[in-house]
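Coordinate analysis (summary)
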Amino acid sequence: MVTERLLNVAEKTVELAVKEKVNQAQVASFLWDSALTRYANSQIHQNLASKAGGVAIKVVIGKKVGTLTVNTLEEGQIKEAIRQAVKIAEVIPPNKDFKSLPKPEKWTPMQGVFDEETATCSPDYRAERVKEVISTAHSKSPIVKAVAGSLSTDMLAFAVSNSLGVSAWAKISLASLNVTVISQANGSEGFGYAMQYSRHIKDINPVLIADKSAEKSINSVKPTKLTPGEYETVLSPLAVGTVFDYLGYIGFSATPYQDGQSFVKYHLNEQVFDEKISVRDDTRDKRTLIAVPVDGEGVPKKAVKLVDNGVVSEGSICYDSLTSGRAKGKRSTGHAFPPITSGFGQARPMPINMVAAPGDATTEEMIKETRHGIFVTRFHYVNPVEPTKAILTGLTRDGTFLIKKGEIVGPIVNMRFTDSMLSALKDVPMMGKELEQGETTTVPAIKLKKLRFTGVTQY
Amino acid sequence: MLLLELGKKSLEEAAREGASYTDIRIGKIFDENLTVKRGVPERVTLLQKSGFGVRVIAKGAWGFASSVDLTEKEVAETTRRAVKIALASSRLKKKDVALAPPTARRDKYATPLKKDPFKVPLDEKMDVLLQAERTVAEHSDLIRTSSAFFRAMREEKLFMDTDGSEIIQEITWCGGGLLGIAVRNSEVQRRSYPSPFRGSFGTQGYEFFQSLDLPSHAKEVGQEAVDLLDAEKCPSGETDLVIRGDQLALQIHESCGHPTELDRALGTEADYAGTSFLTPEKLRKLRYGSDKVNIVADATVPGGLGTFGYDDEGTPAKQVYLVKKGLFVGYQTSRETAHELGFEKSSGGMRADSPLALPLIRMTNINLLPGDWKSEEIIEETKSGILMVTNTSWSIDDKRLNFQFGTEIAWKIKNGSKEKMVRNPTYTGITPEFWGSCDAVSEDDWMMWGTPNCGKGVPGQVMYVGHGCGTARFKNVRTGLVG
């Protein structure tokens, strides 16, 4: 069993570290098997599989904390890594903000979040699904010029042990398909996009996703230019997910909150968003994707009410042990990042299991109720301009349409928005009743009374 | 078993399984990250990453597999896996993959260093960071957060391919920076030195970090962050814009670096980062900028963060023109994409962020070549305009046309002199129009800026790249979009 092996490595490494006369030690071991078939111009051009893994060792001497990550699970190399981690801790100055490694808390493993079929999916299976994607898209119209995207299947497992008795693990499988369709007619291009995430590869529906993307693409050809300004805007769940990802990063993370850069800090207990908006970060909500019971420090992940009927509060903030140690009366909410990718644990604590409360409208009803507005499929290259005011900028992409008198009347050239989300999300006349699962968010479509578009591009 | 032996076995195994081309990269990465924040060592981490990646062409299609487990058995299994993946790819190909001619060499390259950053004692580095960070913090009670950063990275790698390459490289880089955040009520302002994103970096030894001299610049960081709290808003409208190197570097990165990547222009990044407005039929025809604009991709610049001996396909480092006297003349390419457009050779731009990752076309050093102005002269000869310094926000569309940037600080220019400080400055434009309005490029303050956080690819990779530039002026640019 992968998790037993990882837990064994973590616990053994903690034992070895403690023998080096450190006060506390924490070890997170991990394995990440990933495979991805990527296609563009309607053929596979990148196709890969990777086996990564290792241990992240944290040793504490007094208040001195040294961290070393090494991508091996081999005992000899781990012993050397411990010695190096101790050396680091010995020479650096103390961190007065460090209180303690987390103490053990009761946790329970999550059921139904790992699918063997997904973890062991073959390149042939992925190639066949990609074939379906491409043939479906091209069959929609002769103006479909190219299909691009990727189909990935992953297995991620980690275990955390520390010298205070923490002993926890997680294992999940992930599958995702995204499809970009490019159409061309009379020298004009149209773009469409759709995606699907699941923990089960067999749930991924290539025909449905390709069909959705192709339809958007075909309907996007020959866009007209719209003058920048404020417009009623219907955001698809994809676009809403991007906005909430950024709000999580700049607002609901303890790091910017403590740095004075979070908008939440200046609006405690205020209704900053429309009262229809309620968002929780809850790993145990069945509608969320990255369902791990514990974080990268082995702390059980707690549900956090990020937005409660439009109100944000101190309780909206996600902490790990370092940031909670810095704040009076706070405990980690279990939002330390798992020891994957670079293994640095450098990422700030932030929500990755956001689920919004649904509304009662369909997207069609939102369009019907729009006099003169814009439908946005997806945002591109969003970035914060002024984090304390939650001002974001970014562009529309892959299907932007003009709505007039309750109907989509045609595609428009992609536009840049620059607006405060405290203003844009303050007046939300309609919320979608269907939630769509993204990588880190599960959200509905939203209709904004106004969004400020500040520029227009050329396609 | 020696790495060379393991590499040879992989190439042989792939050939037995039916591959027509194979390369293997075996590597080790050491990455040291130090952060001092609010007077404490917030982060002291060392990452050691090793492994190998095997890339093959079989039945005319690509396959790639990688693993951290560097044993003979795992190398053989991973190689067979790469071939199996390539065979799966071949089910969906329009034509066979073909590569531009190889530059097969047996060679060694190492970054020239005066002082190995990994041999400098940790406490010595921490002392510099603590001293600099405290100076920022103690400047004023309004400084809410102050941080100082150091990072050093070393990549040891072996590249072998069936064309006969056998290249061993040791690439080392380091650098660091400072950040101060001042807060009064809900007004928040930040200043960084020498550039944002945790500082600036170069393929040099510890001497590069020392040359940044963080403690000497710390007071100014604190001072300007506090002063910005009282500065007036950036005016809205059209004006002449003077951009200093620490912002111009990102402008080059986003609006020239990415769109001249040939994989983007050929549509193979369409699903994620996007495509490019610089499509192949525009090559040597499109006026990208004014005749003051000369931009190269150059992996040979001494000390540049994107400097190396060979790329991850074994192509030697070189300089290629992307824009010459304003004309779009070249792409950053791989062996495959170079062949696609009939170029004689790759530009040497294939890079992977670890041995486990697939090489992609990545920037090396994308440099705006020096002009004939002095940076002070540009300001002196500007009647009315804004000087913008140090990037803080950035966004550009997926064809790299419509961009918007924000900088940490700006000053109004009136009748040739730098006057009032301005807060929350932003500007926006359309790439060829913007570069077409460039009427002055400096020479005296030209330097290499290094940013280690360029993202690209699926799965995402993060690459270290460099940008050489000084100060430049652009006419009639739209500024001040944020109220």
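Every value quoted in this text rests on a predicted model; they were computed, and no experiment measured them. (Residues numbered from 1 in each chain as written. Chains lettered and ligands numbered in written order. Predicted model: local features only at pLDDT ≥ 70, side-chain atom pairs only at ≥ 80, totals over all residues.)

The next point concerns the overall build of chain A. Each helix and strand counted, chain A has ten helices and 20 strands in total. For chain A, whose C-alpha radius of gyration is 24 Å, the value lies close to the compact-globule estimate of 23 Å for 459 residues. If one aligns the C-alpha atoms of chain A with their principal axes, the spans along those axes are about 70 × 55 × 35 Å. Per-residue burial over chain A gives 61% buried out of 459 residues. (Helix = DSSP H or I, 4+ residues; strand = E, 2+ residues; numbered from the N terminus. Rg over C-alpha atoms; globule rule 2.2 N^0.38 Å. Buried ≥ 20, exposed ≤ 12 C-beta atoms within 10 Å, placed from the backbone.)

All names here are of chain B. Taken domain by domain, chain B consists of domain 1 (3-228) and domain 2 (232-479). Computed from C-alpha atoms alone, the centre-to-centre distance between domain 1 and domain 2 is 21 Å. Taken together, the contact between domain 1 and domain 2 spans 49 residues of the former and 40 residues of the latter. Grouping the amino acids of the side of domain 1 that touches domain 2 by side-chain chemistry returns 23 nonpolar, 15 polar and eleven charged. (Domains from an automatic or database assignment. Contact = placed C-beta atoms within 7 Å. Nonpolar A, V, L, I, M, F, W, Y, C, P; charged D, E, K, R; others polar.)

All names here are of chain B. For the pair helix α1 (residues 3-17) and helix α2 (residues 72-89), interaxial distance at closest approach is 9 Å and the crossing angle is 35 degrees. In this structure, α1 crosses over α2, and the sense of that crossing is right-handed. Counted together, L6, K9, S10, E13, A14 and E17 of α1 and E72, V75, A76, T79, R80, A82 and V83 of α2 form the full contact between these two elements. In the contact of α1 with α2, the residues fall into six nonpolar, two polar and five charged. (Axes fitted to C-alpha atoms, helices over the stretch in contact; angles between N-to-C directions. Left-handed = near helix turned anticlockwise from the far one by under 90°.)

As a further point, take the domain arrangement of chain A. All names here are of chain A. We note that the domain assignment places domain 1 (2-217) and domain 2 (223-459) within chain A. Relative to domain 2, the C-alpha centre of domain 1 lies at a distance of 23 Å. Contributions of two or more residues to the side of domain 1 that touches domain 2 are made by β1 (24-40), β2 (43-61), β4 (144-162), β5 (167-185) and β6 (188-198). The biggest single contributor to the side of domain 1 that touches domain 2 is β6, with six residues.

In this section: the interface of chain B and chain A. Between chain B and chain A, the residue contacts involve 67 residues of the former and 75 residues of the latter. In terms of residue count, strand β2 (residues 40-58) of chain B provides more of the side of chain B that touches chain A than any other element does, twelve residues in total. Summarising the sheet, strand β3 (residues 64-70) of chain A and β2(B) pair through four bridges and their orientation is parallel. Considered in β2(B), the bridge of A:T69 is made with B:L47. (Pairing = 2+ DSSP bridges.)

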